[in-house]
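Summary of structural features
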Amino acid sequence: MAPYLSMGEAHRRIADYLSRVADSISSSDGAALASLLAVSSAPPSTPLSDALSAFPDFPRLAADRYPHLSDLLPTLLRAIHSHSLIRFADAYSSFEKAANAFLQEFRNWETPWAMEAMHTVALEIRLLAEKADRELATSGKNPDKLQAAGSFLMKVFGALAVKGPKRIGALYVTCQLFKIYFRLGTVHLCRSVIRSIETARNFDFEDFPVKDKVTYMYYTGRLEVFNENFLVADQKLTYALMHCNPQYEANLRRILKFLVPVKLSIGVLPRITLLERYNLLEYADVVTSLKRGDLRLLRQALERHEDQFLKSGVYLVLEKLELQVYQRLVKKIHIIQRQKEPAKAHQIKLEVVVKALKWLEIDMDVDEVECIMACLIYKNLIKGYFAHKSKVLVLSKQDPFPKLNGKPV
Amino acid sequence: MDRRDMASHRGRSSARGHGRSRGWRGRGEGRGRGAGPSPPPPSSSTSSFSAAGATAADRGGDAPPIVGTCPDMCPAREREQRERLRDLAVFERVGSDPVRTSPSLAVKKFCRTISSTSVQASDIRPPPVLRETMDYILHLLDSSGHKFEIIHDFIFDRTRSVRQDLSIQNIVNDQAIQIYEDVIKFHILSHQRLARSCQDSDASSLCYLNMEQLTKCLLSLFDMYDMIHKNNSRSSKETEYYSFYVLLHLGFKIPKMVDSLSLWYSNLSASIIQSKEMIFARTILRFYHLGNFKRFFCTIAAEATDLQLCLLEPFLNEARVRALMYFNHSGYKLQLHPLRYLSEILMVEELELETLCRLCGLEISKNEDIKAFAPKQASFCLPASIPQSNGIYISRENQR
């Protein structure tokens, strides 16, 4: 319990906070203003929130003292108050009103001095919405605050997607929107902001701050993974990896989580040490199966981590690696034959492939193997042809197992 | 069929995207195509139809949704109007009189431009009437007096109107779900029949529009499943209906999906993904991408449900043509591929396979009664339009 607080002291604290907010605005101090708006990171009991509890008439105090900020300050205090009472849905609603008032003011300020504060508002509204939705869900109500936050941020984006210095702040807000859309699963909504960023003449991508570019490339890279555009995904995720601050290991891991499957799809295998370093061992067996041509191992790995891979959206990407594993298996058979009988090594009986698969506990008949060989040859994973009647795969003498060389199958 | 559908389907994407509630994407039912304000979304739980995308009429999501009172399949007002305008479908006419209909024959038409402010309760049918309407409309599928395209057109339009009435009344419950499942079943059966009965370009646009509506309906149904899941209720058919969405990804000519399959899976619960029907769908997709045509066809023959088979049937020849392409490309030119062998692997009648080969530009040679084609024929090319298949054919020797 907070110690007893006199009305006078409570009043003093609230007035002090309000005057700091007002001063930061009148002196265009963006950093100071930003720190005053960080509602959601506050612990339940702060000197200010104790004061608000002790002095319930704070909205009137704020409105009377600063009538020109009467849309912003009372609701801001309400948000802080509700948050300290662990009433997150209420805190969100109040904060959204304050944020709207702030946005109005922000639009009127000509210079981008308040960008840091605007970004804080963008971050805070998302964090508060997440807390609010959790609260609503557990009490059986409909969690709709995060979606509302998304709508608000679109308005903010609109205010920043303009000619002039404010546009630099747009990418940060874009990234907050991405986080919301990914969390809600409404990823298709990313399209319109991406279009604005990438095609509008107001933006020069290079001008944006690096950390925003990294986040942006990470999310847009993930979208490309969903759509199986591996070359573009590789580009974007690699950019994110290269420019990510090396100290942020958690972020590096997040990027690698998606970059590894993409790289595998274009034939680039990571070292197991990399997977160990960043705790991505779910991919270890997949990589090993590609090295060894071990179809059984791939299937086991997919089965063991099925839920995880499906949730992150990489399952189908990994499943499609099966063709490369077949290629590797046939290559191994070829190598063994070359050692035994080099003259005839380029001819592989389909029955031998069937036997190899059986040894891996995979049940396939010769017709199925023929189908798959036809596919491998068509997709240029094997150079050669198969003779239907003799049931033999004939490999080209030169480079029968072309590497992918950075191109997906 | 109204061509406006196609254009507005493509146009509808992201312009109105943000601010849309997640629960109900309102795919055309109860929503004017770009005309007028949209009626409120069909569930009170998705009432936060946020500011950015909403219009004043949408804010009426706070008002209770309309409760329909129309007792007939078609509101009296519309019956009289259409009699006057001679706008009666052939099934709605008493005798063959083009200006007379009756309450037992007339069915409410789909109305493109509807705004929630001008609609009256007497024009909207409540759930029991909608169920009766559905039963009546669907029984027309069996009628033999008319060309299938005409029957299809009628059912297509009138079921759309049923969905519209459901949507305007914000009804999301077991009954509504059953209606949607029946509508989708109609679209799937139509998909198969249209594909079989018509080969010309008019019909293929009918097919396309049917698929488009099927997809929309399916996605709306999934939103409804999501909503009733919150009340711990589920449809007994849901895993099969989820599997249809996966199977739709096999076709080249299917209208573009909004979301990728990977994204769709990431939002799906494990119990659905692990269901028998979903595993079937995922497995045959895998076989297809691997080129394992034998297993692809075998598995379909062994495990597909009736509706799954209907949905797949028009695609089967596409798969067979692809197999021919691979074999022609990768085979040894001096060792022919016997059609009998291929017809077993691809589960198609030899004669039909022969037709397909010729359509692809493959020359068939005949040697001592054995028909075959030699690989590496440069004349091979993917045909522009592939005839629809008669399904899975298992030769008598292979039947057990």
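Residues numbered from 1 in each chain as written. Chains lettered and ligands numbered in written order. Predicted model: local features only at pLDDT ≥ 70, side-chain atom pairs only at ≥ 80, totals over all residues. Heavy atoms only, no water.

1. Quick notes on the overall build of chain A
The following threshold applies: Only DSSP runs of H or I reaching four residues or more are called helices, and only runs of E reaching two or more are called strands; each is numbered from the N terminus. Using C-alpha atoms as the atom set, the radius of gyration is obtained and then compared with a globule rule of 2.2 Å times the number of residues to the power 0.38. Burial here depends on accessible area, computed with a 1.4 Å probe over protein chains only, as a share of the maximum for the residue type. Under 20% is buried, over 50% is exposed, and the range in between is partly exposed.
In terms of regular secondary structure, chain A is built from 21 helices and 3 strands. For 409 residues, the compact-globule estimate of 2.2 N^0.38 gives 22 Å, and chain A exceeds it by more than 25% at 29 Å. In terms of overall dimensions, chain A has a C-alpha envelope of 100 × 50 × 35 Å along the principal axes. Every one of the 409 residues in chain A was classed for burial, and the buried ones make up 56%.

2. Here's the deal with the overall build of chain B
For clarity, the threshold we go by: What makes two residues a contact is simply this: any of their non-hydrogen atoms within 4.5 Å. In these tables, accessible area is a Shrake-Rupley quantity obtained with a 1.4 Å probe, and a residue counts as shielded only by the protein chains included in the view.
When helices and strands are tallied, chain B shows 14 helices and 3 strands. A separation of at least 24 residues holds for 72% of the contacts in chain B among residues at least 6 apart in sequence. Of the roughly 17200 Å² of accessible surface on chain B, 51% is carried by carbon and sulfur atoms.

3. Observations concerning the interface of chain B and chain A
Where interface size is quoted, it is often the accessible area lost as the parts come together. Defined as follows: Values labelled buried area give the accessible surface lost by two parts on being combined, using a 1.4 Å probe and summing over both. One speaks of a salt bridge when a side-chain nitrogen belonging to Lys or Arg is within 4 Å of a carboxyl oxygen belonging to Asp or Glu. Between N or O atoms, a polar contact is any pair within 3.5 Å; within protein, one atom must be a potential hydrogen donor and the other a potential acceptor, and residues adjacent in sequence are included only when both atoms are from side chains.
On the chain A side, the residues contacting the 50 residues of chain B number 52 residues. Between chain B and chain A the total buried area reaches about 4400 Å² when both faces are included, carbon and sulfur atoms providing 55% of it. On inspection of chain B and its partner chain A, the count reaches 5 salt bridges. Notably, a salt bridge pairs Asp365 of chain A with Lys294 of chain B, separated by 2.7 Å at the nearest N-O pair. Taken together, the links from chain B to chain A amount to 15 residue pairs in polar contact (both at pLDDT 80 or more).

4. Regarding the packing of aromatic side chains
For clarity, the threshold we go by: Here a pair means two rings of Phe, Tyr or Trp (six-membered ring of Trp) with centres within 6.5 Å. Their orientation is stacked below 30 degrees between planes, edge-to-face above 60, and tilted elsewhere. Geometrically, a charge over a ring is one whose NZ (Lys) or CZ (Arg) sits within 6 Å of the ring centre while staying within 35 degrees of the ring normal.
Within the structure shown, the criterion is met by 32 aromatic pairs over all chains. On the numbers, 5.0 Å between centres and 70 degrees between planes, the contact of Tyr241 of chain B with Phe244 of chain B is edge-to-face. A residue pair is termed a helical-turn pair when its members lie 3 or 4 positions apart in one helix, as Tyr241 of chain B and Phe244 of chain B do in helix H7 (residues 238–247) at 3 residues. Look at Phe244 of chain B and you get buried, because its relative accessible area is 0%. Connected via pairs of aromatic rings, a cluster forms that spans Phe157, Phe178, Phe182, Phe203, Phe205, Phe208, Tyr216, Tyr218, Tyr219, Phe226 and Phe258 of chain A. Taking the ring centre of Phe106 of chain A as reference, the NZ or CZ of Lys166 of chain A above it sits at 4.9 Å. A cation over a ring is seen here: Arg282 of chain B above Tyr315 of chain A, with NZ or CZ 5.2 Å from the ring centre.

5. Section: the packing of helix H6 (residues 88–108) of chain A against helix H8 (residues 145–160) of chain A
All names here are of chain A. Applicable threshold: A fitted line through C-alpha atoms serves as each axis, taken over the contacting stretch for helices, and the angle formed by two N-to-C directions is quoted from 0 to 180°. Orientation categories follow fixed angle ranges, with anything under 35 degrees roughly parallel, anything over 145 roughly antiparallel, 65 to 115 roughly perpendicular, and all other angles oblique. Polarity classes work like this: nonpolar for Ala, Val, Leu, Ile, Met, Phe, Trp, Tyr, Cys and Pro, charged for Asp, Glu, Lys and Arg, and polar for all others, with Gly in that last group.
Contact geometry for H6 and H8: axes closest at 11 Å, N-to-C directions at 5 degrees. If you check the angle between H6 and H8, you find them roughly parallel. When H6 is examined against H8, the residues Ala89, Tyr92, Ser93, Glu96, Ala99, Asn100, Leu103, Phe106 and Arg107 are found in contact with a partner set consisting of Lys145, Ala148, Ala149, Phe152, Lys155, Val156, Ala159 and Leu160. Grouping the constituent residues of the contact of H6 with H8 by class yields 11 nonpolar, 2 polar and 4 charged.

6. Some remarks on the domain arrangement of chain A
Our working definition: Delimitation of the domains relies on an automatic or database domain assignment.
You can read the domains of chain A as domain 1 (7–208), domain 2 (277–319) and domain 3 (327–395). Here the C-alpha centroids of domain 1 of chain A and domain 2 of chain A sit 41 Å apart.

7. Concerning the pairing of strand E3 (residues 370–373) of chain B
All names here are of chain B. Convention followed: Strands were regarded as paired on the criterion that DSSP finds at least two bridges between them.
Across 2 bridges, strand E1 (residues 337–338) lies against E3 in antiparallel orientation. If you follow His337 over to E3, its bridge partner there is Phe373. In terms of strand pairing, strand E2 (residues 364–367) meets E3 through 4 bridges, oriented antiparallel. By the bridge assignment, Ile364 is partnered in E3 with Phe373. Between the end of E2 and the start of E3, which pair antiparallel, lie 2 residues, with Glu368 showing a positive phi angle near 55 degrees.

8. Things to note about the pattern of salt bridges
Inspection of the entire model under this criterion finds 43 salt bridges over all chains. Of the charged contacts in the structure, one is a salt bridge between Arg295 of chain B and Glu368 of chain A, with a shortest N-O distance of 3.3 Å. Placement of the pair is Arg295 of chain B in helix H11 (residues 293–303) and Glu368 of chain A in helix H21 (residues 366–378), with the two residues belonging to separate chains. Classification of Arg295 of chain B as partly exposed rests on a relative accessible area of 28%. Several salt bridges converge on common partners, so that one network encompasses Glu78, Arg82, Glu92, Asp157 and Arg158 of chain B.

9. Topic: the environment of Thr220 of chain A
Residues and elements named next belong to chain A. Relative to the assigned elements, Thr220 resides in helix H11 (residues 210–226). Residues Thr220 and Cys190 lie 30 residues apart in sequence; the distance between their C-alpha atoms is 8.7 Å. A distance of 3.4 Å separates a polar atom in the side chain of Thr220 from the backbone oxygen of Met217.

10. Considerations on helix H12 (residues 230–243) of chain A
For clarity, the cut-off: In this analysis, the expected span of each helix is defined as 1.5 Å times one less than the number of residues it contains.
With 14 residues, H12 of chain A extends 20 Å from end C-alpha to end C-alpha; this agrees with the ideal 20 Å at 1.5 Å per step. For H12 of chain A, the set of buried residues is Phe230, Ala233, Asp234, Lys236, Leu237, Tyr239, Ala240 and Leu241 of chain A.

11. Considering the nonpolar core
Applied cut-off: Put simply, buried Ala, Val, Leu, Ile, Met, Phe, Trp, Tyr and Cys residues joined by side-chain atoms within 4.5 Å make one nonpolar core.
Among the nonpolar cores identified, the biggest contains 253 residues, and Phe102 of chain A together with Phe296 of chain B are the most heavily contacted of them. Per-element tally for this core: the top contributor is helix H12 (residues 306–330) of chain B, with 13 residues. Not counting residues up to four positions away in its chain, the partners in contact with Phe102 of chain A are Leu33, Leu37, Leu72, Trp109, Ala114, Ala117, Met118 and Val121 of chain A.

12. Side note on the sheet that holds strand E2 (residues 384–387) of chain A
All names here are of chain A. Overall, antiparallel pairing links the 3 strands, which are arranged E1-E3-E2 in an open sheet. Across the chains shown, the open sheet's two edge strands, defined by having one partner strand only, are strand E1 (347–349) and E2. For this sheet the average axis-to-axis angle between neighbouring strands, irrespective of direction, equals 20 degrees. Sheet topology places E2 next to strand E3 (residues 392–395); 4 bridges connect them, and they run antiparallel. The residue bridging Tyr385 from the neighbouring strand is Val394, located in E3. Sheet strands touched by helix H20 (residues 350–359): E1 and E3. Its angle to E1, the strand with the most contacts, is close to 60 degrees.

13. Quick notes on the confidence of the model for chain B
Residue and element names in this part refer to chain B. How we decide: Every residue is assigned a pLDDT by the predictor, reflecting its confidence on a scale from 0 to 100.
Residues at a pLDDT of 70 or more form 78% of chain B, whose mean pLDDT is 80. In the model of chain B, helix H1 (residues 4–11) stands out as the element of lowest mean pLDDT, 35, in contrast to helix H10 (residues 276–290), which has the highest, 96. Counting contacts from residues 1–61, a segment whose pLDDT is below 50, to residues more than four positions away or on other chains yields 135 contacts.

14. Section: the sheet that holds E2 of chain B
The strand order across the open sheet built from 3 strands is E1-E3-E2 (chain B), with neighbouring strands paired in antiparallel fashion. Each edge of the open sheet is held by one strand with a lone partner, namely E1 and E2 of chain B.

15. Examining unusual backbone geometry
Residues and elements named next belong to chain B. The backbone phi angle of Met347 is positive, close to 50 degrees, even though this residue is not glycine. Looking at the element boundaries, Met347 is found in the loop between helix H13 (339–345) and helix H14 (350–359). A positive phi angle is found at Glu368, which is not glycine, with a value near 55 degrees. Here Glu368 is to be found in the loop between E2 and E3. Residue class for Glu368 comes out exposed when judged on its relative accessible area of 73%.

16. A few points about the packing of helix H19 (residues 322–340) of chain A against H10 of chain B
The condition is simple: If you view the pair so one helix is near and one far, a crossing is left-handed when the near helix is turned anticlockwise from the far one by less than a right angle, and right-handed when it is turned clockwise.
Viewed as axis vectors pointing N to C, H19 of chain A and H10 of chain B meet at an angle of 50 degrees, and their least axial separation amounts to 10 Å. Taken as axis vectors, H19 of chain A and H10 of chain B run oblique relative to one another. The way H19 of chain A lies across H10 of chain B gives a crossing that is right-handed. Note on element contacts: H10 of chain B touches H19 of chain A through Arg286, His289 and Leu290 of chain B, opposite Glu322, Leu323 and Tyr326 of chain A. When grouped by side-chain class, the residues that make up the contact of H19 of chain A with H10 of chain B number 3 nonpolar, 1 polar and 2 charged.

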